[in-house]
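As a plain string of letters, each chain reads:
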Amino acid sequence: MNISENIKKYRSELPEHVKLVAISKTKPNEDLLEAYRAGQRIFGENKIQEMTDKWEQLPKDIEWHMVGHVQRNKVKYMAPFVSLIHAVDSLKLLKEINKRAKQNERTINCLLQIKIAEEDSKFGISREEAREILTSEAYSKMNNVKIIGLMGMATFTDDMEQVKREFQHLKSVFDDFRQEFPALEELSMGMSGDYQVAVDCGSSMVRIGSSIFGARN
Ligand SMILES: *Cc1c(COP(=O)(O)O)cnc(C)c1O
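Residues numbered from 1 in each chain as written. Predicted model: local features only at pLDDT ≥ 70, side-chain atom pairs only at ≥ 80, totals over all residues. Heavy atoms only, no water.

With respect to the overall build of the protein
Scanning the protein from terminus to terminus reveals 10 helices and eight strands. Relative to the compact-globule value of 17 Å for 217 residues, the protein shows a C-alpha radius of gyration of 17 Å, a close match. Principal-axis analysis of the C-alpha atoms places the extent of the protein at approximately 50 × 45 × 30 Å. Taking all 217 residues of the protein together, the buried fraction comes to 52%. When contacts within the protein are restricted to residue pairs at least 6 apart in sequence, long-range pairs at least 24 apart make up 59% of them. (Helix = DSSP H or I, 4+ residues; strand = E, 2+ residues; numbered from the N terminus. Rg over C-alpha atoms; globule rule 2.2 N^0.38 Å. Buried < 20%, exposed > 50% of the residue type's maximum accessible area, 1.4 Å probe, protein only. Contact = heavy atoms within 4.5 Å.)

Given below as structure tokens:
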């Protein structure tokens, strides 16, 4: 894998309005630094401990995104530095993020993870549950957390028609919500295997790991 060439390839291929989140989970610091030297500044991880270690060791102008499922008792470790949490799926979690952000005198941006895969998937909430969070009195009183968009993961399948249906569904939820909640501006969808479909369907943020850094063990 030539990491810096991969970064440059994606940067030139992706439309300008689409952010590239380099998913560096399980990869060593040298790999992240190679991407960094090629100009990459947004990195995504799925484990809080690993992300915190990397944040301590790597350049401070990196923007760290948490893309994995978040355990409430670990929010405090990333609250000092995380710039976007992609997979918020409950008001309880949002409350904890707000509390820890406040302790750090910060505002933490979040996305709500919507369940879009037709197959059974463990994570994500329905459109109705997302609306309940966005309209809740509890959320309206949180001053240190801001929901700035939605995130979704398509079914892991070679059937690109199915993937497309799922992404189109998420885009339509996003467009509906935006009428009501203008703060929503990011739509995180697309990974190595399906980012082209996601971009065609209106993604504003793709999360690409293995086709930048190579397969994970
Ligand atoms: C690992 C991961 C990715 C990247 O997956 P690749 O197929 O390696 O590009 C994207 N999003 C989430 C939530 C992930 O956990």
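The discussion continues.
A closer look at the side chain of Lys-54
Within the fold, Lys-54 resides in helix H3 (residues 48-57). Setting aside residues no more than four positions away along its own chain, Lys-54 makes contact with Ser-24, Lys-25, Thr-26, Lys-27, Asn-29, Leu-32, Glu-45 and Trp-64.

A short note on the UniProt feature "modified residue: N6-(pyridoxal phosphate)lysine" (unreviewed entry) in the protein
UniProt records the feature "modified residue: N6-(pyridoxal phosphate)lysine" (unreviewed entry) for Lys-25 in the present numbering. Here Lys-25 shows up in the loop between strand S1 (19-23) and helix H2 (29-37). (UniProt positions renumbered as here; feature names shortened; annotations may be inferred.)

Describing the pattern of salt bridges
Tallying each qualifying case throughout the model produces 11 salt bridges. Between Glu-180 and Arg-131 there is a salt bridge, with its nearest N and O atoms 2.4 Å apart. Residue Glu-180 is found in helix H8 (residues 160-180), and its partner Arg-131 is found in helix H6 (residues 127-135); the two are separated by 49 residues along the sequence. For Arg-131, a relative accessible area of 29% puts it in the partly exposed group. Across the salt bridge formed by Glu-137 and Lys-141, the nearest N and O atoms sit 2.8 Å from each other. Of the two residues examined, Glu-137 and Lys-141, each falls in the exposed class. (Salt bridge = Lys/Arg side-chain N within 4 Å of Asp/Glu carboxyl O.)

Remarks on the site of the ligand
Close contacts around the ligand come from Ile-23, Lys-25, Val-67, Met-151, Met-153, Met-191, Ser-192, Arg-207, Ile-208, Gly-209, Ser-210 and Arg-216, and that covers them all. Between the ligand and Ser-192 there is a distance of 2.5 Å, counted from an oxygen atom to a side-chain nitrogen or oxygen. Between Gly-209 and the ligand, the recorded distance is 2.8 Å, taken from a backbone N or O atom to an oxygen atom. Contact with the protein chains removes 89% of the 390 Å² of surface that the ligand exposes when unbound. For the shell around the ligand, the residue count by class is six nonpolar, three polar and three charged. (Near = heavy atom within 4 Å. Polar contact = N/O pair within 3.5 Å; in protein donor to acceptor, adjacent residues only side chain to side chain. Areas by Shrake-Rupley, 256 points an atom, 1.4 Å probe, with all protein chains shown as cover. Nonpolar A, V, L, I, M, F, W, Y, C, P; charged D, E, K, R; others polar.)

With respect to the packing of H6 against H8
Look at H6 against H8: their axes get within 12 Å of each other, and the N-to-C directions meet at 25°. When the axes of H6 and H8 are compared, the pair comes out roughly parallel. Here the hand of the crossing between H6 and H8 comes out right-handed. Of the residues in H8, those in contact with Arg-127, Ala-130, Arg-131, Leu-134 and Thr-135 of H6 are His-169, Ser-172, Val-173, Asp-176, Phe-177 and Glu-180. Taken together, the residues that form the contact of H6 with H8 break down as four nonpolar, three polar and four charged. (Axes fitted to C-alpha atoms, helices over the stretch in contact; angles between N-to-C directions. Parallel < 35°, antiparallel > 145°, perpendicular 65-115°, else oblique. Left-handed = near helix turned anticlockwise from the far one by under 90°.)

Re helix H1 (residues 3-13)
Listed as buried for H1 are Ile-3, Ser-4, Asn-6, Ile-7 and Tyr-10. For H1, the angular spread of the buried residues around the axis is 160°, confining them to a single face. In H1, the exposed residues that point more than 90 degrees away from the buried face are Glu-5, Lys-8 and Ser-12. Residues of H1 that are buried make contact with S1, H2, helix H9 (195-200), strand S8 (205-208) and helix H10 (210-213). (Arc of directions from axis to C-beta.)

Digging into unusual backbone geometry
In this model, Thr-26 sits at a positive phi of 70°, which is unusual for a non-glycine residue. Counting through the fold element by element, Thr-26 comes out in the loop between S1 and H2. One non-glycine residue, Glu-105, lies in positive phi territory at about 50°. Here Glu-105 lies in the loop between helix H5 (91-103) and strand S5 (108-113).

A closer look at the environment of His-169
Among the secondary structure elements, His-169 is positioned in helix H8. With 32 residues separating them in the primary sequence, His-169 and Cys-201 have C-alpha atoms 9.3 Å apart. Not counting residues up to four positions away in its chain, the partners in contact with His-169 are Ile-116 and Arg-127.

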